[in-house]
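Secondary and tertiary structure notes
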Amino acid sequence: MFEVSGVTQDVDISTDSRFVNLLITGGGIAESGGSQFELMRAERFKLLGLTVRDSAEDPSNISRAHNIYLGARMQDVEVGWCEISNIKGGRAALQTYTDNYSGFWDIEPCIDEIKIHNCIIHDVPQSAILLGGGTQDIWVYNNIIYNANQKDASWPMINMPAQGNHLKARIFNNTIYNSANNTLFEISNFGYDVELVEFYNNVLFVINPGAGYATSGDSGGLINITSNNNIWYGSSSGLPSFTGANDRSVDPLFINSSAADFTLQSASPAIDTGSSSV
């Protein structure tokens, strides 16, 4: 395993590269926008088995930095089997954003064909995943996210600003467990249209009944969203308006969620109830 301690790594790689089994500890204090692992201008890139943990904090601004930052232009990038944990500061554990290409997001997608899967993200101060402007085709699947928004509950656990009229997000087979009084996910249109957001086979659990499941950050509303075969549990606000016929509000029966054991009990209503089409 390659290990980096107390520094920020910026990577600018063109095509056909892989980073595997990296450990990055410490670091994280940087100018606004600084990140522990920042990837710019990449095609056919794989980031597999990265562990980012125990970052430092700028006490004057916890929104500085990210842990993994994917900037434009970017196509066919895979982030898999990674863990981001015990983070003291940062806007999002994992963010996509067009960065210097923001002027082009009205014309064409700048971040396309991104897969985020089989990752564990926990104990982070604000959002776990932020899909920023210019992001088009993105798949988020088989992830476990818990204890996000530990310092600022106004941030959703998954944040999807739909700048650029291109966002097509598929969010499948994730466990999202909310221990703070914040919303699980937010879609902010910023005057643009969401092309497509699909939610299937997720377990979404909030502890505080006052926490919501989904919200829109502006007047555009929650539109162009399809949802089915999800389990939503814990919020007193009721199911989102876009939920499908097979979405249910029922306790998924984790083995021991307080100890971060999200294994399902044998009697769990989540077993064998997902859609096989995703």
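Note that residues are indexed from 1 along each chain, following the sequence as it is written. Only residues with pLDDT of 70 or above have their local features reported here, since the model is predicted, and side-chain atom pairs are shown and tallied only from 80 upward, although totals for entire chains, interfaces and linings are computed over all residues. Neither water nor hydrogens contribute to the side-chain values; these are computed over all heavy atoms in the structure.

Some words on the overall build of the protein chain
The condition that has to hold: Labels follow the DSSP assignment, with helices taken as runs of H or I lasting at least four residues and strands as runs of E lasting at least two, numbered in each case from the N terminus. Whether a residue is buried, partly exposed or exposed follows from its accessible area with a 1.4 Å probe, protein chains only, as a fraction of its type maximum: under 20%, in between, or over 50%, in that order. Every residue pair with non-hydrogen atoms within 4.5 Å of one another is taken to be in contact. Using a 1.4 Å probe, the Shrake-Rupley method yields the accessible areas, and only the shown protein chains count as cover for residues.
Looking only at helices and strands, one finds zero helices and 26 strands in the protein chain. Counting all 278 residues of the protein chain, 55% fall into the buried class. A sequence separation of at least 24 residues applies to 76% of the contacts in the protein chain between residues at least 6 apart. Surface exposure of the protein chain reaches about 11200 Å², of which carbon and sulfur atoms provide 45%.

A closer look at the layout of surface pockets
Formally: Cavities and pockets were defined on a 1 Å grid built from protein atoms only: a cavity is a group of points that admits a 1.4 Å probe but offers it no way out, a pocket is an open group of points flanked by protein on both sides within 12 Å along at least five of seven lines, and a lining residue is one with an atom within 4 Å of any such point. Grid points are joined across faces, edges and corners, and a volume is the space filled by probe spheres set on the points.
Quantified by volume, the largest pocket comes out at close to 220 Å³. In this structure, the largest pocket is lined by 16 residues; those nearest its centre are Asn201, Asn202, Val203, Leu264 and Ala270. Sort the elements by how many residues they give to the lining of the largest pocket and strand β26 (residues 261–264) lands first, with three residues.

Looking at the packing of aromatic side chains
Where two aromatic rings form a pair, the distance of their centres and the angle of their planes describe that pair. Filter applied, for reference: Note on aromatic pairs: the rings of Phe, Tyr and Trp (six-membered ring only in Trp) are paired at centre separations within 6.5 Å, and the planes decide the class, stacked below 30 degrees, edge-to-face beyond 60, tilted for the rest. Geometrically, a charge over a ring is one whose NZ (Lys) or CZ (Arg) sits within 6 Å of the ring centre while staying within 35 degrees of the ring normal.
With the rule as written, the count across this model stands at 13 aromatic pairs. Ring geometry for Phe19 versus Phe37: centroids 5.8 Å apart, planes at 75 degrees, classification edge-to-face. Remark: Phe37 occurs in strand β5 (residues 35–48) and Phe19 occurs in strand β3 (residues 15–20); sequence separation between them is 18 residues. With centroids separated by 5.3 Å and ring planes inclined at 70 degrees, the aromatic side chains of Tyr213 and Trp232 adopt a geometry described as edge-to-face. On the criterion of sequence distance, the pair formed by Tyr213 in the loop between β20 (203–206) and β21 (214–216) and Trp232 in strand β23 (residues 231–233) is long-range, its members being 19 residues apart. Through a chain of ring-to-ring contacts, three or more aromatic side chains come together here, namely Tyr146, Tyr177, Phe205, Tyr233, Phe254 and Phe262. The residue whose ring lies beneath Lys115 is Trp139, and the NZ or CZ to ring-centre distance is 4.7 Å.

A word on unusual backbone geometry
Located in the positive-phi region is Trp81, a residue other than glycine, with phi close to 55 degrees. Residue position: Trp81 is located in the loop between β7 (66–80) and β8 (83–85). One non-glycine residue, Asn229, lies in the positive phi region at around 60 degrees. Along the chain, Asn229 turns up in the loop between β22 (225–228) and β23. You can call Asn229 buried: its relative accessible area is 16%.

Examining the pairing of strand β4 (residues 22–25)
Where we set the bar: Here a strand pair is declared whenever DSSP counts at least two bridges between the two strands.
Side chains Leu22 and Ile24 project from β4 onto one buried face, and the interleaved Leu23 and Thr25 project onto a second face that is buried too. Relative to strand β6 (residues 51–53), β4 is paired through three bridges, and the arrangement is parallel. Paired with Thr25 across the strands is Arg53, a residue of β6.

Focus: the pattern of salt bridges
Let me state the cut-off plainly: A pair is scored as a salt bridge if a Lys or Arg side-chain nitrogen falls within 4 Å of a carboxyl oxygen belonging to Asp or Glu.
Tallying each qualifying case throughout the model produces six salt bridges. Between Glu78 and Lys46 there is a salt bridge, with the nearest N and O atoms lying 2.7 Å from each other. Placement of the pair is Glu78 in strand β7 and Lys46 in strand β5, with a sequence separation of 32 residues. For Lys46, a relative accessible area of 34% translates into the label partly exposed. Across the pair Asp137 and Arg170 runs a salt bridge, and its minimum N-O distance is 2.5 Å.

Comments concerning the environment of His66
Just so we agree on the cut-off: Throughout this description, a polar contact denotes any pair of N or O atoms lying within 3.5 Å of each other; where both atoms belong to protein, one of them has to be capable of donating a hydrogen while the other can accept it, and for residues adjacent in sequence the pair is counted only when both atoms sit in side chains.
Summarising the element assignment, His66 is placed in strand β7. Exposure remark for His66: the relative accessible area of 4% places this residue in the buried category. Put simply, His66 and Ser35 are 31 residues apart on the chain and 4.6 Å apart in space, counted from C-alpha to C-alpha. Within the structure, His66 has its side chain in polar contact with the side chain of Arg91 (distance 3.0 Å).

Regarding the nonpolar core
How we decide: In these notes, a set of buried Ala, Val, Leu, Ile, Met, Phe, Trp, Tyr and Cys residues joined through side-chain atoms within 4.5 Å is what counts as a nonpolar core.
The biggest cluster of nonpolar side chains holds 53 residues, and the ones touching the most others in it are Leu50, Val79, Ile84 and Met160. Of all the elements, β7 adds the most residues to this core, at six residues. The next biggest cluster of nonpolar side chains, apart from the first, holds eight residues, and it includes Tyr177, Val203, Ile231 and Phe254.

A closer look at the state of the cysteines
Note the threshold: Throughout, disulfides are identified as pairs of cysteine sulfur atoms within 2.5 Å of each other.
By the definition in use, this model includes zero disulfides. Of all cysteine sulfurs in the structure, the one in Cys82 sits closest to Cys119, which takes part in no disulfide; the separation is 4.5 Å.

What about the side chain of Thr175?
Structurally, Thr175 can be placed in strand β17 (residues 175–178). Aside from chain neighbours lying at most four places away, what touches Thr175 is Asn143, Ile144, Ile145, Val203, Phe254 and Phe262.

Quick notes on the environment of Cys82
Checked against the element boundaries, Cys82 lands in the loop between β7 and β8. Among residues more than four places away in sequence, those in contact with Cys82 are Leu47, Leu48, Gly49, Leu50, Asn118, Cys119 and Ile120.

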